[in-house]
Amino acid sequence: HIITLHIMKYFLWVFLGGGMGSVFRYGLSKFIPIPQNTFPYPTLIANLLGCLLIGFIMGTALKQGALSSPQTLFFATGFCGGLTTFSTFSLEGIELLKSGNIGVFLLYTLISVLLGLLAVGLGIYISRSI
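This text gives an overview of the structure that appears in the document. (Residues numbered from 1 in each chain as written. Predicted model: local features only at pLDDT ≥ 70, side-chain atom pairs only at ≥ 80, totals over all residues. Heavy atoms only, no water.)

A few points about the side chain of T43
Part 1 of the reasoning: Its place among the elements puts T43 in helix α2 (residues 41-62).
Part 2 of the reasoning: Looking at T43, the relative accessible area reads 7%, which means it is buried.
Part 3 of the reasoning: At a separation of 2.8 Å, a polar atom in the side chain of T43 contacts the side chain of E92.
Part 4 of the reasoning: Apart from residues lying up to four places away in sequence, T43 is in contact with T85, T88, F89, E92 and Y108. (Helix = DSSP H or I, 4+ residues; strand = E, 2+ residues; numbered from the N terminus. Buried < 20%, exposed > 50% of the residue type's maximum accessible area, 1.4 Å probe, protein only. Polar contact = N/O pair within 3.5 Å; in protein donor to acceptor, adjacent residues only side chain to side chain. Contact = heavy atoms within 4.5 Å.)

Here it is in structure tokens:
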């Protein structure tokens, strides 16, 4: 029973962080409305912010004793997992292709992937610099 309770606490941290990240992402989509089939800025911002945060969080977690396992699960797995969304990114890409916005699709995909990788690296760099 002790092991089960211990594991359930970890699930609870991920659940709480994921809920908060999802609510934050939803808020971005309402704060930054976009017309249908145009450049999906809210998802791009959510994904890039999530990449920056997960890089910072994991870089901080690697520092000896900087973050506990529950904190890392809450922020990295939960919050960043709820904030970022590959499924929405993919759906928006398909919608752009179906509407004939191939140039916007290519730009969105390229920016998302390249800046996402750069943001994770920047987050790790920042965490090591402080």
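Section: helix α3 (residues 69-83)
Because an α-helix completes one turn every 3.6 residues, residues spaced three or four positions apart along the sequence face the same direction.
Part 1 of the reasoning: Along its 15 residues, α3 runs 20 Å from first to last C-alpha, staying within 8% of the 21 Å computed at 1.5 Å per residue.
Part 2 of the reasoning: Where the residues of α3 are buried, they touch α1 (2-31) and α2. (Expected span 1.5 Å × (residues − 1).)

Some thoughts on α1
Part 1 of the reasoning: Counted at 1.5 Å a residue, the expected span for α1 with its 30 residues is 44 Å, and the 44 Å between its end C-alpha atoms agrees.
Part 2 of the reasoning: Where α1 is concerned, the buried positions are G17, G18, G21 and L28.
Part 3 of the reasoning: Along its buried surface, α1 packs onto α2 and α3.

A few points about the packing of α2 against helix α5 (residues 102-129)
Part 1 of the reasoning: Where α2 meets α5, the axes come as close as 7 Å, and the angle between the chain directions of the two elements is 25 degrees. When the interaxial angle is binned, α2 and α5 end up roughly parallel. In this structure, α2 meets α5 at a crossing whose hand is right-handed. Contacts between α2 and α5 pair T43, L44, L48, C51, L52, I54, G55, F56, G59 and T60 from the former with Y108, I111, S112, L115, G116, A119, V120, L122, G123, I124, I126 and S127 from the latter.
Part 2 of the reasoning: Considered class by class, the residues forming the contact of α2 with α5 number 14 nonpolar, 8 polar and no charged. (Axes fitted to C-alpha atoms, helices over the stretch in contact; angles between N-to-C directions. Parallel < 35°, antiparallel > 145°, perpendicular 65-115°, else oblique. Left-handed = near helix turned anticlockwise from the far one by under 90°. Nonpolar A, V, L, I, M, F, W, Y, C, P; charged D, E, K, R; others polar.)

A look at the layout of surface pockets
Part 1 of the reasoning: Counted as a void, the largest pocket has a volume near 390 Å³.
Part 2 of the reasoning: In terms of lining, the largest pocket is formed by 19 residues, of which the most central are I34, P40, T43, T88 and E92.
Part 3 of the reasoning: Elements that contribute at least two residues to the lining of the largest pocket include exactly α1, α2 and α4 (86-98).
Part 4 of the reasoning: It is α4 that contributes the most residues to the lining of the largest pocket, 5 residues altogether.
Part 5 of the reasoning: In terms of residue class, the lining of the largest pocket is made up of 9 nonpolar, 7 polar and 3 charged. (1 Å grid on protein atoms, 1.4 Å probe; cavity = no way out; pocket = protein on both sides within 12 Å on 5 of 7 lines; lining within 4 Å. Points joined across faces, edges and corners; volume = space filled by probe spheres on them.)

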